[in-house]
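Coordinate inspection notes
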Protein chains: 4
Amino acid sequence: MSAASTREQRLAFVREFAQSSPYYQAMGTSLLELEEGRVLLRSGIQPSHMNAGGLLHGGVLPALADGAMGNALRTLNGEGAQILTAEMHLHYLRPVTSGSLLAEGRVVKSGRRLSFADVEIRDEESGATVARGSGVFIIEKKQP
Amino acid sequence: MSAASTREQRLAFVREFAQSSPYYQAMGTSLLELEEGRVLLRSGIQPSHMNAGGLLHGGVLPALADGAMGNALRTLNGEGAQILTAEMHLHYLRPVTSGSLLAEGRVVKSGRRLSFADVEIRDEESGATVARGSGVFIIEKKQP
Amino acid sequence: MSAASTREQRLAFVREFAQSSPYYQAMGTSLLELEEGRVLLRSGIQPSHMNAGGLLHGGVLPALADGAMGNALRTLNGEGAQILTAEMHLHYLRPVTSGSLLAEGRVVKSGRRLSFADVEIRDEESGATVARGSGVFIIEKKQP
Amino acid sequence: MSAASTREQRLAFVREFAQSSPYYQAMGTSLLELEEGRVLLRSGIQPSHMNAGGLLHGGVLPALADGAMGNALRTLNGEGAQILTAEMHLHYLRPVTSGSLLAEGRVVKSGRRLSFADVEIRDEESGATVARGSGVFIIEKKQP
């Protein structure tokens, strides 16, 4: 956590980071809620997210999972650090065919060398959990 | 493995499946090589793959990983089955900033109830391994 | 879930299964609490659990994790099914040197083909979470 | 890698570490082969490794996996560092009922902050792969 940044600065940084992310824009992903150590992303499923079999491509959920966990960590680390994913694990609990998804990322442990986060992805309409995962992240302080 | 499909039919199905995938088209992903139990995908990194910090978004690699493993399984199962990802795990070994990626997916075990695959993602220019992963997949036979 | 078994029969089966497990006896593991879909195991750390560096061997936590998740699944499936671990994932949050551990296993999804569970391992004295994990399990109905 | 230790010193340290490990002795595990970045462990399956259903307890394989990966990292880091497991992932490919197991651990990337390793566990008699996994490890330099 950057000593020089306040809570408000860090949350504002995450809002700006998410809004300006080319990847989020391409994926139709937006930031619904954020607080220290937790964010909620929303992603509307688009035709380009489907595989040729009419199911959500298996890569969409981990992309959303990584974004939710990374931004949860950014709420604690602010602009002064880069968040590098070192490991990700995801369980796919239910197939997804349409609608919109909510991804809630939470910091599990914010450490000196490594940080751990987890994520739950739910169908927005039904509330059913469609995936759960977790990850290990390196927090790399930027040189001032 | 569908008794009714030949090796040629199954490989042709995977070629068609990859070419017609909306997700692959959106991601700039193409199928370079395929044989029974193994495929090689190529994905050119696009501006829309970056996060706001100028690094490849952590969701691009699992998306590519899932595609490579799923299609490796499709070479064995052909048109008669849906491949459902149940679990995915990925290690991110090196940060990626530009260029193009090769993802090699291989079937580790093709089982009656579950199949296992692994994947290695390399930087196309340097050949350096940037990620390694594995997954568990359900093979769901389509009703004829 | 076996139609022929009542809740009481299933919980009694898990109690008996845990008590008679040679592995549990060798590991000093006992079953503290159980209900449908959830168990709590306790394991006192023994000298034989340490590595040569004086830290808990990295294999003790996944062993405990697997036991807690497997028995949580047994509370739903009873004597009529074998629980086969297909995949396990664990995050090690804090090093452990002594004392006793509590492992809480919970069923996340009990499916027809696959079941998912998660686990949290805590230091009994401090309550601190030392590891979190999850797994994929195959439920194999025994032939009558 | 400790600048002060030679290859011979590091390999001798791993031999000694494995032989003196209380956990290895309790598990019947021995070190068969070692070279820089790779070790081969052998573990004879004992009655105390079984669950009450007569199958190898799901915790034995990750224990062996962790030992093989940790010692592969010790061949590069020697006595001057502690190897802390941060994450482990394992796929269980085939059920095991008896005999002996070989676990081959290899370093995938030895980094400044994190190291990555993988492991393959085979049935000694048949040579069949029974499990494959990988892990993230923290290398903590000991204070001189």
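The coordinates are above.
Keep in mind the model is a prediction, meaning the values are calculated, not measured. (Residues numbered from 1 in each chain as written. Chains lettered and ligands numbered in written order. Predicted model: local features only at pLDDT ≥ 70, side-chain atom pairs only at ≥ 80, totals over all residues.)

1. Examining the overall build of chain A
Quick reminder of the rule: Secondary structure elements are taken from DSSP: a helix is a run of H or I of four residues or more, a strand is a run of E of two residues or more, and numbering for both begins at the N terminus. With the radius of gyration taken over C-alpha atoms, the globule rule is written as 2.2 Å times the number of residues to the power 0.38.
Tallying secondary structure elements over chain A gives 3 helices and 6 strands in all. Each helix (α) and strand (β) of chain A, taken in turn from the N terminus, gives the series α-α-β-β-α-β-β-β-β. In terms of overall size, chain A behaves like a compact globule, its C-alpha atoms giving a radius of gyration of 15 Å where 144 residues would be expected to give roughly 15 Å. Expressed as lengths along the three principal axes of its C-alpha atoms, the size of chain A is roughly 50 × 25 × 25 Å.

2. Here's the deal with the pairing of strand S1 (residues 29-35) of chain D
All names here are of chain D. Formally: Note on pairing: two strands pair once DSSP finds at least 2 bridges between them.
Here 6 bridges tie S1 to strand S2 (residues 38-44), and the two strands are oriented antiparallel to one another. In the strand pairing of S2, Leu31 is matched with Leu41. Count of turn residues in the S1/S2 antiparallel hairpin: 2 residues, of which Gly37 carries a positive phi of about 85°.

3. Side note on the relation of the copies chain A and chain B
Between the two copies of the chain lies a relationship made up of a rotation around an axis and a movement along it. The cut-off we apply is this: Least-squares fitting of one copy onto the other uses the C-alpha atoms of those residues that reach a pLDDT of at least 70 in both copies. Remark: residues whose backbone-derived C-beta atoms lie within 7 Å of one another are considered to be in contact.
If you rotate chain A by 180° and push it 0.0 Å along the axis, it lands on chain B with an RMSD of 0.0 Å. Such values leave the two copies arranged in the relation of a two-fold axis. Minimal C-alpha separation from the rotation axis in chain A is found for His89 of chain A, amounting to 2.2 Å. Comparing contact sets, 100% of the residues at the interface of chain A also lie at the interface in chain B, consistent with an isologous, same-surface contact.

4. Some details on the interface of chain B and chain D
Here is the rule: Note on residue classes: Ala, Val, Leu, Ile, Met, Phe, Trp, Tyr, Cys and Pro are nonpolar, Asp, Glu, Lys and Arg are charged, and everything else, Gly too, is polar.
If you look at the interface, chain B gives 9 residues, while chain D gives 9 residues. Listing elements by their share of the side of chain B that touches chain D, those giving two or more residues are strand S3 (81-92), strand S4 (100-110) and strand S6 (129-141) of chain B. Here the side of chain B that touches chain D takes 3 residues from S6 of chain B, the largest share from any one element. Considered class by class, the residues forming the side of chain B that touches chain D number 4 nonpolar, 3 polar and 2 charged.

5. Remarks on the relation of the copies chain B and chain D
Mapping chain B onto chain D calls for a rotation angle of 180° and an axial translation of 0.0 Å; the resulting RMSD is 0.0 Å. Taken together, the interface assignments show that 100% of the residues at the interface of chain B recur at the interface of chain D, consistent with an identical surface on both copies.

6. Regarding the environment of Thr75 of chain B
Residues and elements named next belong to chain B. Put simply, the test is: Labels follow a simple rule on C-beta atoms placed from the backbone: if 20 or more others lie within 10 Å of a residue's own, it is buried; if 12 or fewer, it is exposed; otherwise it is partly exposed.
Structurally, Thr75 is set in helix H3 (residues 60-77). What makes Thr75 buried here is the crowd of 22 C-beta atoms within 10 Å. A sequence separation of 60 residues divides Thr75 from Arg15, and the C-alpha atoms of the two residues are 9.3 Å apart. Residues in contact with Thr75, not counting those within four places in the same chain, are Arg10, Leu11, Val14, Leu34, Glu35, Glu36, Gly37 and Val39.

7. Describing the sheet that holds S2 of chain D
Quick reminder of the rule: Fitted lines through C-alpha atoms give the axes, limited to the stretch in contact for helices. The angle between two N-to-C directions lies from 0 to 180 degrees.
One open sheet holds the 12 strands; their spatial order is S1(C)-S2(C)-S4(C)-S5(C)-S6(C)-S3(C)-S3(D)-S6(D)-S5(D)-S4(D)-S2(D)-S1(D), and the pairing between them is antiparallel. Of all the strands in the sheet, the pair left with one neighbour each is strand S1 (29-35) of chain C together with S1 of chain D. Strand-to-strand twist in this sheet, taken as the mean axis angle between neighbours without regard to direction, amounts to 25°. Contacting S1 and S2 of chain D, helix H1 (residues 7-19) of chain D runs over the sheet at an angle of about 170° to S1 of chain D.

Such coordinate-based values are descriptive only and should not be taken to indicate function.
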